[in-house]
Structure formats: structure tokens, C-alpha cells
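So the chains spell out like this:
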Amino acid sequence: MKIVNVETIPLSFPLEVPARDATGVWNSWDTVIVKITASGGTVGYGEIGPVHGGGVRVFKTLVDERLKPLLLGKDPTEREKLFETMRGKGTAAYAFGEKGAVISAIAGIDIALWDLTGKILKTPVYNLLGGRVFDRIPAYASGFFGKGGRPLTPGECSEEAKRYADQGFKGVKMKIGYGRKQDLQNLEAVRKALGPELGIMVDANQGFTVPQVMSLARDLEAFDLTFMEEPVSIHDIEGMAHLSATFPIPIAAGENYYTRYEFRELFTKRAVAVVQPDIIHAGGITETKKIASMAQAFGVALSPHIHATVGVAASIHLLASSPHTLAAEYITSGGSYDLRRVLYGDAYLVDKDGYIHVSDEPGLGIRLNEKALEQYGVKG
Ligand SMILES: [Mg+2]
């Protein structure tokens, strides 16, 4: 069995109302689907990203000009070897650096190779990862993105929180970093809407400094937070380690780090209690499985960042096969959810009790709608 084609399909899914978080505003959810075809016609799908705000064709150029030539004619089941080939031979390691766009592109290809391998061997991806530890994964609702370029009001936060509780979620994650008064009013509204039992997580998207976070400690105590995500700059790993040692709320991070080497630093410096690698960003299934294993050795819980389409399925297979799984992120706003419903329908939706079930069909267990790929494809 040989790889006969590697295609990248850049997509742009327009939003009716622009979304925002503490880092910026986006008008469309953009992503890149990878489609790898093996001799005999079996096809595997992956996703590069996450991407919002444009630039998807950068990935097409990277794959077409640098990565695809390394793959054609090779055995698609040799994921480990192909990962090292893509990372090492004039692509990431020297010519373009070993982070960012290059690793994201490799991640998308890697996921497609796992899907393809599962289909060739007629087994679900979780079996290739050591088999199921869990057949369903608890999901928390993540969202509370601002609307039309402004943060949500307390009333809007309350409504969104109630909607998630009614859907069966046991926890929600909301954005903070819009100013102390607004943050606290929004938190009060959400805690009131959810009652004392359900979990609340907060995501600052790197919006604070260490002293600012420390000064919030007393105000936040009343809300019984499950974790605080990306409180400070991703480059301030010592600052996160300080917070992990002294701040009363567990610290989480991971969506902005790449490869086992960056995550190793998070773990050895004891910077996080919860790690959130993004499978379509940090290095695909091959690399994120290694990151997950390292986390387990350091006693760090696994709760990946998931804002994706095909990447949702890949993340659930990883979580299903990982003993220290905490929860899956589940985002229904911002564009990725609507796009994934269009791309593969009802697979990997949350059930009425707030769990996502892993598919036992071969590969990732999803069938992509080729017409939708055409409809939302970025031309040119
Ligand atoms: Mg985040």
C-alpha cells in the first residue's frame, strides 16, 4: 500500500455575527482539510489548524511544495517514520522552524495517516493507540465568545450558561480578561445561572500579568473555579509555575504550544495542573499521544483544546485511549461546530448527559461530505 495523493482543501465558513475573545475578532471560521489517498483508493482525512481570521492558503503551499513530495510513494501506515521525515528533512527543523504553521501542517497530515491506517486495517484509531480506556468522554461547554466585536453582557452570559446546563453539560468555560468589573459581573451571572454543583472554568487567553492574577485571587474564591486557562503570556512559563505553586485555582494551558519539546518544559517546570494540547496544532495524533503520556508521568490531567472539525474525532480517539483523561472541550459557537455538522453530520455530538461517545467504525469513524468541501472551499 502506497500514498498516491495528498490534497489540502482550504475552507472558509462565514459567520452571521463576528465572534471575539480576548485575542481578537473573526468574521469566518477557516480551516484546512487534508485528504490522503492510498493505492487501492482508500482515503484518510485530517485537519490543519485551528485557524480563524484567514491565511489558510499558507498551509496549502507548505503541504504542496514541501511535505507532499516526502510522502508520495511511501507506506501510509508508517506514521512514526513519516512524522520524523516531515519534521526533519528541510521542512520544520531547518527551513521553516519547528513550531507554528509547519507543525500544524504536519499535524493535519499525521491525522489523515491515522484515519487511513485505521481504514486499511479495518479498526478504529483508538485500537491503534492501545485500545479503549473509556467509551465515552465527559465534555464541558466552552464558548461565551463576544458578539460583534464586544464582550458578552452578564445577561447574555447567564442565558448561555443556562442553555449549556439544559443540554446536560456538567461544566462550562467562559472568557475573562475584559476588565475586573465586567469579568466579575459575568462570573456572578454564570454561577447564579448554574447553581453550586456545576463546574466553571475561566480562560484569560493570556490577558493578565502574574501580579494581576494574584490580585484576583480573593475575588475569584467565591466562584469555586475548576481551573484558570492561560492566565499569562505563554512565554512566561516561570510565571505560570509560580501561580501553580501559590494561586488557589489550578492552572491550565497548552493550546499555544507545539511538539513534545515545548510541553516537556511545561511539565518539568511544574507550570500546569491541566494540559491542553491541540491535536491539529501541536503535532497530530503521533505527537499528542507522546505529550499525553508525558503529562501522565507528571501527574497532569489531560483536557485538550478542541476547536475543530475532523480534529474533534481525532481528539476523542486520543482521550478514549488515555488513562488520565479529564474532559473534552466542546464548542458550539464561533463557526467550527456549524462547519463540522455540515462536514460530517451527527457523529461526535454530545449526549443528553454531557458525554461524547467514541465511534467504533474504522479509522476516525467519520464520513466527510465532499459537496460541503466544494461549497466552502477557498478558491484560487
Ligand atoms: Mg483557550
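In this text, all values refer to a predicted model and were calculated from it rather than measured experimentally.

Before going further, it helps to examine the environment of E84. Within the fold, E84 resides in helix 2 (residues 79–88). Owing to 13 C-beta atoms within 10 Å, E84 belongs among the partly exposed residues under this scheme. E84 sits 22 residues away from I106 along the chain, and the two C-alpha atoms are 9.8 Å apart.

Pairing of strand 2 (residues 24–38) with strand 3 (residues 43–52) involves 8 bridges; the strand directions are antiparallel. Bridge pairing in strand 3 links V34 to G46. Between the antiparallel neighbours strand 2 and strand 3 lie 4 residues, among them G40 with a positive phi of about 100°.

Taken domain by domain, the protein comprises domain 1 (3–123 + 368–375) and domain 2 (127–357). Listed as interface residues are 41 residues of domain 1 and, on the opposing side, 39 residues of domain 2. Ranked by residue count, the leading element in the side of domain 1 that touches domain 2 is helix 4 (residues 100–121), at 11 residues.

Right, let's talk about the nonpolar core for a bit. Judged by nonpolar contacts, the single largest core of 120 residues is most densely connected at I106, I109, V172, V272 and I316. The dominant element in this core, judged by the number of residues it contributes, is helix 4, at 11 residues. Looking at this core, you find at least three residues from each of domain 1 (3–123 + 368–375) and domain 2 (127–357). Setting aside residues no more than four positions away along its own chain, I109 makes contact with V6, V34, G46, V63, L67 and M86.

This paragraph deals with helix 1 (residues 56–71). If you check helix 1, its first and last C-alpha atoms are 21 Å apart, about what 16 residues at 1.5 Å a residue would give, namely 22 Å. V63 marks the point of greatest bend in helix 1, at about 40°. Within helix 1, the full set of buried residues consists of V56, F59, L62, V63, L67 and L71. G73 sits one or two positions beyond helix 1 and adopts a positive phi of about 85°.

The rules behind the values
- Residues numbered from 1 in each chain as written.
- Predicted model: local features only at pLDDT ≥ 70, side-chain atom pairs only at ≥ 80, totals over all residues.
- Helix = DSSP H or I, 4+ residues; strand = E, 2+ residues; numbered from the N terminus.
- Buried ≥ 20, exposed ≤ 12 C-beta atoms within 10 Å, placed from the backbone.
- Pairing = 2+ DSSP bridges.
- Domains from an automatic or database assignment.
- Contact = placed C-beta atoms within 7 Å.
- Core = buried A, V, L, I, M, F, W, Y, C linked by C-beta atoms within 7 Å.
- Expected span 1.5 Å × (residues − 1).
- Bend = angle between axes of the 7 residues up to and from the residue.

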